[in-house]
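A look at the structure
Listed below are the residues making up each chain.
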Amino acid sequence: MIEYRTLRVALLGAGSVGSQVAAQLIARADELASRAGAGIELAGIAVRDLDAPRDADLPRELLTTDPHELILSSDIVVELMGGIESARTLILEALGTGADVVTANKALLAAHGPELFAAAEQVGAQLHYEAAVAGAIPIIRPLRDSLAGDRVQRILGIVNGTTNYILDEMHTKGLGLEDALAVATELGYAEADPTADIEGHDAAAKAAILAGLAFHTTVPLESVHCEGITAVTAEQIESAKQAGYVVKLLAICEQLDSGVSARVHPALVPAAHPLASVHGANNAVFVQAEAAGDLMFYGAGAGASRPPARCWATSSRSRGGTSPAGRASRSRPARPWASRPSAASRPATRSRSRSRTGRACWLRSPGSSTSRASRSRPCCSRAPPAPLRW
Ligand SMILES: NC(=O)C1=CN([C@@H]2O[C@H](COP(=O)(O)OP(=O)(O)OC[C@H]3O[C@@H](n4cnc5c(N)ncnc54)[C@H](OP(=O)(O)O)[C@@H]3O)[C@@H](O)[C@H]2O)C=CC1
Ligand SMILES: N[C@@H](CC=O)C(=O)O
């Protein structure tokens, strides 16, 4: 019988995602050990409230309210708490002990990625974030590794499951935004504060990460134009439908001659385009690259059941190797944040309508560019964009 060295995994958070990751780490420990070349032991799970109801039946003795103690005794720390400050501090603490870290926290990475990656590099630890963008879809490695030799030209992504679910319910069932959001929250799709979903901040954080990887640069979150779905009305959805379009919240990242553009806004997608058929809380990332041509990555974008797979997949690989009984080899951490300046924003808007609240609401074709708000923000190229084609 093969004996593996055991790696201790600390889980920070047992909410929608964390409880499923914990359940899978426990249920599939042997399988993961043989794949990773190291035993995987769930050392403990840090939570705020020991008595809070959990989606999965987790051994009570694994729960703790002391993440610091847990981190000290672990080889791999999986951060699934969400939020910024506590998560940032605990990840830095974990990296400081030399532990590898896995996180699904896109908001944190978009805001503090350079600091965290620098901290990882300093100690030769790894910081994995496969589950931070597009739920269950493997998109980080394809962009960072598989397409490293190609030139990505544009990414069109449906990267927020909650808003896609809401828009889809509005489009197909005529549901109102609030009703659809309530269901999305109940199903575990939404963030702890769902404003991040419906105002587009979650998608903007993901856009910053995707654009940074695709264009080998740093894309600060502040430079991503962000407009959510709160101003999208049932009337707009209906008229789009009549005209052969579907309204989708898109993250659009482009390499322009004069710089990188990243923006998030509701867009009119032609009904025949593959992105129009992305229903429910599914996500899709449509990548256009010079050599590879058009690629589409599709799958579950949010919810308790699917995204966790990518957390335990990365945690098992984090220090994994093929040699039983030995600590796996550690490669240098990847650095998607190497700095290169991004450029300033660009104008152009296609059509304008009034929102329920009377506020100006902009529904654009994904081929058109950013709104009034982004024109004053340095974000993309100053040059007017060439018209985009589907
Ligand atoms: N939901 C989804 O579909 C997806 C979410 N993500 C990301 O995964 C992360 C987790 O999301 P989700 O599971 O939905 O979040 P939840 O809000 O459901 O769960 C958060 C968990 O973290 C714990 N927690 C929060 N703050 C602390 C703290 N300071 N110390 C200890 N424990 C703490 C909570 O404890 P307690 O239970 O005691 O309150 C809870 O168990 C987020 O970064 C999110 O953006 C990524 C992909 C998909
Ligand atoms: N709230 C997010 C969860 C996954 O990242 C979403 O709806 O996509």
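Just so you know, the residues in each chain are numbered from 1, in the order the chain's sequence is written. For naming, the first written chain is A and the first written ligand is 1, with later ones following in the order written. Given that the model is predicted, a residue must reach a pLDDT of at least 70 before its local features are reported, and side-chain atom pairs must reach 80 or more before they are shown or counted; all residues, however, enter totals for whole chains, interfaces and linings. Just so you know, side-chain values use all the structure's heavy atoms and leave hydrogens and water out.

**Quick look at the overall build of the protein chain**
Operational definition: Numbering of helices and strands starts at the N terminus; helices are DSSP runs of H or I of at least 4 residues and strands are runs of E of at least 2. Any residue under 20% of the maximum accessible area for its type is buried, any over 50% is exposed, and the rest in between are partly exposed; the area is computed with a 1.4 Å probe on protein chains only. Whether two residues touch is decided by their heavy atoms; if any such pair falls within 4.5 Å, the residues are in contact.
In terms of helices and strands, the protein chain carries 13 helices and 14 strands. The buried share of the protein chain, reckoned over its 390 residues, is 57%. Restricting the contact set of the protein chain to residue pairs at least 6 apart, pairs at least 24 apart contribute 71%.

**Let's talk about helix α10 (residues 201-214)**
The line we're drawing: Multiplying 1.5 Å by the helix residue count minus one yields the expected span of that helix.
Between its first and last C-alpha atoms α10 spans 20 Å; for 14 residues at 1.5 Å apiece the expected length is 20 Å, and the two agree. For α10, the buried fraction is high: 13 of the 14 residues fall into the buried class. Just downstream of α10 lies His216, where phi reads positive at about 55°.

**Concerning the pairing of strand β7 (residues 152-158)**
The line we're drawing: Pairing between two strands requires that DSSP report at least two bridges joining them.
Among the seven residues of β7, six are classified as buried, and the element is accordingly described as predominantly covered. Relative to strand β11 (residues 282-289), β7 runs antiparallel, the two being bridged by six bridges. What sits directly across from Ile158, in β11, is Ala284. When β7 meets strand β9 (residues 245-256), the two strands line up antiparallel, connected through four bridges.

**Quick notes on the confidence of the model for the protein chain**
In low-pLDDT segments, the atomic positions of the prediction should not be examined closely. Filter applied, for reference: How sure the predictor is of each residue is captured by pLDDT, a score from 0 to 100.
Scored by pLDDT, the protein chain has a mean of 83; 77% of the residues are at 70 or more. Counting contacts from residues 321-362, a segment whose pLDDT is below 50, to residues more than four positions away or on other chains yields 143 contacts. Scored below 50 in pLDDT, residues 368-390 makes 83 contacts in the model with residues more than four places away or belonging to other chains. Across the interfaces of the predicted complex, the ipTM metric reaches 0.99, alongside a pTM of 0.85.

**Let's talk about the packing of aromatic side chains**
Aromatic ring pairs are reported here in terms of the distance separating the ring centres and the angle at which the planes meet. Our working definition: In summary, the pairing rule links any two rings of Phe, Tyr or Trp, Trp by its six-membered ring, whose centres are within 6.5 Å, and it sorts them by plane angle into stacked for under 30 degrees, edge-to-face for over 60 and tilted for everything else.
For the structure on display, the rule yields two aromatic pairs. Ring centres 5.5 Å apart and planes at 75° place the aromatic pair Phe117 and Tyr129 in the edge-to-face group. Of this pair, Phe117 sits in helix α5 (residues 106-123) while Tyr129 is found in the loop between β6 (127-128) and α6 (140-146), placing the two residues twelve residues apart along the sequence. Accessibility assignment for this pair places Phe117 and Tyr129 in one class, buried. Judged by centre distance (5.5 Å) and plane angle (65°), the ring pair of Tyr165 and Tyr189 falls under edge-to-face. A residue pair is termed long-range when its members are at least 10 positions apart, and Tyr165 in helix α7 (residues 161-173) and Tyr189 in the loop between α8 (177-186) and α9 (195-198) qualify at 24 residues. Neither Tyr165 nor Tyr189 differs from the other in exposure class; each is buried.

**Quick word on the sheet that holds strand β2 (residues 39-46)**
Formally: Angles run from 0 to 180 degrees between N-to-C directions of axes, and those axes are lines fitted to C-alpha atoms, restricted for helices to the stretch in contact.
If you trace the six strands from one edge of the open sheet to the other, you get β3-β2-β1-β4-β5-β6, paired in parallel fashion. Lying at the two open borders of the sheet, with one neighbouring strand each, are β3 (63-64) and β6. Pairing of β2 with β3 involves two bridges; the strand directions are parallel. By the bridge assignment for β3, Ala46 is matched with Thr64. Its contacts with the sheet place helix α1 (residues 16-27) against β1 (6-12) and β2, and it is angled at close to 150° to β2.

**A closer look at the site of ligand 2**
Heads up, the condition is: Proximity criterion: a residue is near a molecule or strand once any of its heavy atoms comes within 4 Å of it. Think of a polar contact as two N or O atoms within 3.5 Å of one another; within protein, one of them needs to be a possible hydrogen donor and the other a possible acceptor, and neighboring residues in sequence only count if both atoms come from side chains. Each residue is assigned to one class: nonpolar for Ala, Val, Leu, Ile, Met, Phe, Trp, Tyr, Cys and Pro, charged for Asp, Glu, Lys and Arg, and polar for all the others, Gly among them.
Surrounding ligand 2, one finds 13 residues, the nearest of these being Lys106, Thr162, Tyr189, Glu191 and Asp197. In this structure, Glu191 approaches ligand 2 through a side-chain N or O atom, which is 2.7 Å from a nitrogen atom. Looking at the shell around ligand 2, the elements with two or more residues in it are α7 and α10. Taken together, the residues of the shell around ligand 2 break down into four nonpolar, four polar and five charged.

**Let's talk about the nonpolar core**
So the rule is basically this: By convention a nonpolar core is built from buried Ala, Val, Leu, Ile, Met, Phe, Trp, Tyr and Cys residues, the set being connected through side-chain atoms within 4.5 Å.
Core analysis: the largest hydrophobic core is formed by 71 residues, its most contacted members being Ile139, Leu143, Val152, Ile155, Leu210, Val285 and Val287. The biggest single contributor to this core is α10, with ten residues. Discounting chain neighbours no more than four positions away, the residues touching Val152 are Leu143, Leu147, Ala214, Phe215, Gln255, Val287, Gln288 and Ala289.

**As for the pattern of salt bridges**
Quick note on the threshold: Whenever a carboxyl oxygen of Asp or Glu lies within 4 Å of a side-chain nitrogen of Lys or Arg, that contact is scored as a salt bridge.
Applying the stated criterion across every chain, the model contains 15 salt bridges. With a shortest N-O distance of 2.8 Å, Arg60 and Asp51 are connected by a salt bridge. Taking relative accessible area as the criterion, Arg60 reaches 48% and is therefore assigned partly exposed. Residues Arg154 and Glu254 are paired through a salt bridge, measuring 3.3 Å at the closest nitrogen-oxygen approach. Here Arg154 is found in strand β7, whereas its partner Glu254 is found in strand β9, with 100 residues between them in sequence. Per residue, the accessibility class of Arg154 equals that of Glu254, and both read buried.

**Description of the site of ligand 1**
Rules: In short, Shrake-Rupley with a 1.4 Å probe defines the accessible areas, and a residue's cover is counted only from the protein chains shown.
If you check the shell around ligand 1, you find 23 residues, and the closest are Asp49, Arg54, Lys106, Glu191 and Gly303. Within the backbone of Gly188, a nitrogen or oxygen atom sits 3.2 Å from a nitrogen atom of ligand 1. With respect to ligand 1, the side chain of Glu191 contributes an N or O atom lying 2.7 Å from an oxygen atom. Starting from 900 Å² of accessible surface for ligand 1 in isolation, the protein chains cover 86%. Counted by class, the shell around ligand 1 contains ten nonpolar, eight polar and five charged residues.

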